[in-house]
Each structure stands twice: as C-alpha cells, then as structure tokens.
Amino acid sequence: MIGKAYMQIIDTGMISRSAPGTDRANLTFPAVVCLVDGTLMATWHSGTTKDGDDETIEVSRSSDHGKTWSAPERPFSIPILNDLRGTIKICYMTEIAPGRLIAAAMWVDRESYPGKNLFNPDTEGCLPMAIILADSYDNGVTWLPWREVPMPDDIGPPSLTNPMMQLKDGTLAMSIESNKHYDDASKWYQKVVLMHSTDEGRTWGEPVIAGFDPTGRIFNWDQRAAVAPDGRIGTFLWTYDTEAETYLNIHRRISADGGRTWSEAEDLGVTDQAAHPAVLPDGRTILAWVDRFHTQSIRARLAPAIDGAFDPDSEVVLYTHQAPTEDDTDQTGALGFSVWSFGLPYAETLPDGDVLVVYYAGTETAMDIHWARLAFDGK
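Predicted, not measured: the structure shown is a model, and the values here were computed from it.

Peer 1: Please provide a residue-by-residue account of the overall build of the chain, values included.
Peer 2: Counting secondary structure elements, the chain contains zero helices and 28 strands. What you see for the chain is a C-alpha radius of gyration of 19 Å, in line with the 21 Å of a compact globule of 379 residues. By its C-alpha atoms, the chain is 55 × 50 × 45 Å across when sized along the principal axes. Long-range contacts, defined as pairs at least 24 residues apart, comprise 52% of the intrachain contacts of the chain with a sequence gap of at least 6. Taking the average location of the 30 positive side-chain charges in the chain and that of its 55 negative ones, the two points are 3 Å from each other.

This is the structure:
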C-alpha cells in the first residue's frame, strides 16, 4: 500500500539564480533530460521579463544526479526565419540514441508586431511562432543549424508543450498546441495535436488530434506527456472553461497506439497545471502540478501506472509561495502567464530510481530555477 512515507523529498537546491535588473532577471520554463551516460541537462528561458525581445535559452549540466550544476551557457544561435528576427522562448531536449540529441524549440517572431507581447488580450491571438529543431551528435556539446518544422494552416501559430517522445518502434511524436493569429478576433477553437516522424525528425506526418472540444468552450492547454514502459502514452492537460472563465481539474488521456486514438478525458481531481510526468522503469508515474489558485503551491503524487490512480496519501509539497499577489491568483486565461511568479514543474527519472523535479519560483522581477529530489521506499 502506498503511504505518505513512500515518496519523500530528500534534497533540494537551485540550478541557477537570477540577476535582477539584467537580461537574466527572469529564469522560467525549465526542463531537464537524463542522458544515457547519466548526465543531466537542464534548459530554461532567460530574459529581462518572461516575454520580451531579449529572451533566450540557457543550458546547464550536472554529473552528480542534480546535486551540483555547471555555470549556465547559451549554446544556441537564434535563427532568422522568413527574413524576420525572433527569440526562442522554450526548448526541450530528447536523446534518441546514445549521444544523439534533438532540441525542439518554440521561436517567436518579434518583428511583425514590434513591441507587442506574445498574447493579444483583445483577440486571444498570438504573435507568429514556429517550431524549430536542432541536432547534436556529441551529447549536446555542439549543435547543427536549426530547421523549421512545417505546420498546417489550421494550427495557426504553434505552441510546443512537451519534449519529443520516442515511441517503442523508434517513431518520434511531438505535442503541438494550436493558436489564433494575432489579429484574429473570431471564436477560438483551440486544440492540441500529436505529429509523428519516422525519420528522426526530418519530416513529419499530418497532425492527429489529442484534445479538442468542438464547441470551443473547453481549452486543452499545455499538454504534458510521457511514454510508459509498455508503450502507452499518457497525457495530462491544463483545462480551462472559457464560459466560466476558470481552470478545471487536470484531465488525463491514454493512447495505446502511439497517439492515433485516445481514451476519454479523465478528471484527476487536482487543479490546475500539470508537469511533465516522470515514469519509473516499473511503470510507476509521478505527476507534479501547480495549485496556483488555492494553496499557491507545487505538489506531486504517485500512481502505480501511467493510467493508475494518484494516491492522495503519497502527496508531497515541493514549494509554497509565501506571498501570493493578486496576479498569482488571477484566472483570466492565458494572460496570467506573463505575471505568475512560480510554476511549470518538470519531472525526470534519475539513473538510481529517484526523480528530480525542476521548477521556477521567485518574485515578479526575479525568478530562479529550483530543483527537488524525490525518493521512494523499495525502489
């Protein structure tokens, strides 16, 4: 039986500390990948603000399972796409073979609407965006030039919500969220899709819907996903009710065929924004999430499988926001992301069977990248 002592926080620390008043004042959107050789690579967004013209991606490494980290580096150039200057907001890494990495990133056009924020509060549209990929054959020491992933017109500006997943047959699956164009004032029929590649990301098939409400009322935001040892995919959705203007509980869907078909959405009973889950070799699944509007905290629970129940008795509190502001408890849709000062946990399984969760936290003017290490009895 899973009890409170079964999952516990055994260590905490910081990957990178912000520098207020500089272009490193806001360190956010963290992710971490454990390579075959045991090295951890963390990526995060760095900028004066959470959304601006000077944002870029920083990378740090750990060779001791996350206890200590190298000084941050900025290994990626920012490409010019269609003769337009942009920034990179989010970057995830996937190791598809020993030493062979693919970085997937979300590029934002900063010239078509100069000085505008990512999200248009009047139309709910987004700045032009693109998904770009880069390859490394030396454990991320050097990277080949970025290449753009073509997107169907009905996706609009694409959001990247998860690292690329490698399925059991070697196929790569990428989670993409649709958006409206910046000036589009029509009703928003938001959806999230998976795209598949059978040639290591050089070409991609047509999108397959993973979450969509045809009435346009319910939005399926920030799909986080992982592949279980048996090959099933589990997704965890940040769910928003546009009519009630409130976030609902996290919903889960399961696919047994590589993301082509999905189970009905299941309400997990916790709110509100899910982390990228960690899956242990025996299938046990750890889900962290942000409870931004009630307890202002980051929490995690354990389930026996990717489709299993997350036992409340296994819950641990990873972080509590000491001084929530009005902005931290505002539920006005996508507008909140620019001011929320903690969140976006991301979990990764370590070689010894522990799990590392990274997240950002701080104030509206200075946010740092933190980590917490979870251990399990009988691992």
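Peer 1: So what's going on with unusual backbone geometry? Residues and values would help.
Peer 2: A cis amide bond links Thr271 to the next residue, Asp272, at an omega of 20°. Within the secondary structure, Asp272 is located in the loop between strand S20 (266–267) and strand S21 (273–274). For Glu200, which is not glycine, the phi torsion reads 60° and is therefore positive. Along the chain, Glu200 turns up in the loop between strand S14 (191–197) and strand S15 (208–212). Using a relative accessible area of 37% as the deciding quantity, one classes Glu200 as partly exposed.

Peer 1: Any chance you could break down the side chain of Gln273 for me, citing the residues and the numbers?
Peer 2: For Gln273, the location among the structural elements is in strand S21. One polar contact links Gln273 to Arg292, side chain to side chain, over a distance of 3.5 Å. Other than its neighbours up to four places away in sequence, Gln273 contacts Asp222, Arg224, Trp238, Ile250, Ala288, Trp289, Val290, Arg292 and Leu344.

Peer 1: Tell me what's going on with the packing of aromatic side chains, and back it up with residues and numbers.
Peer 2: Enumeration according to the criterion identifies 19 aromatic pairs in this entry. When the ring of Phe76 is compared with that of Trp146, the centres are 5.1 Å apart and the planes differ by 45°; the resulting orientation is tilted. Taken together, the residues Phe76 in the loop between strand S4 (56–62) and strand S5 (86–97) and Trp146 in the loop between strand S8 (129–136) and strand S9 (147–148) connect sequence positions 70 residues apart. In this structure Phe76 comes out as buried when scored by relative accessible area, which is 9%. Where Tyr240 meets Tyr247, the ring centres are 4.8 Å apart and the plane angle is 55°; that geometry is what we call tilted. We note that Tyr240, like Tyr247, is buried. An aromatic cluster of at least three residues, connected via ring pairs, comprises Trp188, Phe219, Trp221, Trp238, Tyr240, Tyr247, Phe293 and Trp340. Taking NZ or CZ as reference, Lys187 lies 5.7 Å from the ring centre of Tyr189, over its face. Its guanidinium or amino end placed over the ring of Phe376, Arg284 lies 5.8 Å from that ring's centre, counting from NZ or CZ.

Peer 1: So, the sheet that holds S8: which residues are in play, and what are the values?
Peer 2: Read across the sheet, four strands follow the order S5-S6-S8-S9 without closing on themselves; strand pairing throughout is antiparallel. Single-partner strands in this sheet number two, and they are S5 and S9. Both S8 and S9 contribute to a ladder of two bridges, which runs antiparallel. The residue bridging Ile132 from the neighbouring strand is Glu148, located in S9.

Peer 1: Describe the pattern of salt bridges, naming the residues involved and giving the relevant values.
Peer 2: Evaluated as defined, the whole model comprises 25 salt bridges. With its nearest N and O atoms 2.9 Å apart, the salt bridge here joins Asp135 to Arg100. Separated by 35 residues along the polypeptide, Asp135 in strand S8 and Arg100 in strand S6 (residues 100–109) bring together distant segments of the chain. As far as burial versus exposure is concerned, Asp135 and Arg100 are alike and both buried.

Peer 1: Pulling in residues and values, what's your account of the nonpolar core?
Peer 2: Judged by nonpolar contacts, the single largest core of 52 residues is most densely connected at Ile15, Trp69, Leu160, Met174, Ile176 and Trp204. In contact with Ile15, other than residues within four places in its own chain, are Ala42, Trp44, Ser60, Trp69, Val358, Ile369, His370 and Trp371. Of all hydrophobic cores here, the second largest spans 23 residues; its members include Ala278, Tyr359, Ala361 and Leu374.

Peer 1: Describe a nonpolar patch on the surface, listing the residues and the values that go with them.
Peer 2: On the surface, Tyr189, Ile209 and Phe212 cluster together into a nonpolar patch covering about 270 Å² of accessible area. Within the secondary structure layout, Phe212 lies in strand S15. With relative accessibility at 33%, the residue Phe212 sits in the partly exposed group.

Peer 1: Tell me what's going on with the confidence of the model for the chain, and back it up with residues and numbers.
Peer 2: Confidence in the prediction of the chain, expressed as mean pLDDT, is 93, and 94% of residues score 70 or more. The low-confidence segment residues 1–5 (pLDDT under 50) makes nine contacts with residues lying over four places distant or belonging to another chain.

Peer 1: Got a sec to walk through the pairing of S5? Specific residues and values, please.
Peer 2: Judged by how many residues are buried, S5 sits mostly within the fold: eleven of twelve residues are covered. Sheet topology note: the S5/S6 ladder contains ten bridges and is antiparallel. Bridged to Cys91 within S6 is Ala105. Hairpin connection from S5 to S6: two residues lie between these consecutive antiparallel strands, with Gly99 at a positive phi of about 80°.

The rules behind these values
Residues numbered from 1 in each chain as written. Predicted model: local features only at pLDDT ≥ 70, side-chain atom pairs only at ≥ 80, totals over all residues. Heavy atoms only, no water. Helix = DSSP H or I, 4+ residues; strand = E, 2+ residues; numbered from the N terminus. Rg over C-alpha atoms; globule rule 2.2 N^0.38 Å. Contact = heavy atoms within 4.5 Å. Lys, Arg positive; Asp, Glu negative; His and termini not counted. Charge placed at Lys NZ, Arg CZ, Asp CG, Glu CD. Buried < 20%, exposed > 50% of the residue type's maximum accessible area, 1.4 Å probe, protein only. Polar contact = N/O pair within 3.5 Å; in protein donor to acceptor, adjacent residues only side chain to side chain. Phe/Tyr/Trp six-rings, centres within 6.5 Å; stacked < 30°, edge-to-face > 60°. Lys NZ or Arg CZ within 6 Å of the ring centre and 35° of its normal. Pairing = 2+ DSSP bridges. Salt bridge = Lys/Arg side-chain N within 4 Å of Asp/Glu carboxyl O. Core = buried A, V, L, I, M, F, W, Y, C linked by side-chain atoms within 4.5 Å. Patch = residues over 30% accessible without salt bridge, like charges linked within 9 Å, V, L, I, M, F, W, Y side chains within 5 Å. Areas by Shrake-Rupley, 256 points an atom, 1.4 Å probe, with all protein chains shown as cover. pLDDT = per-residue confidence, 0-100.

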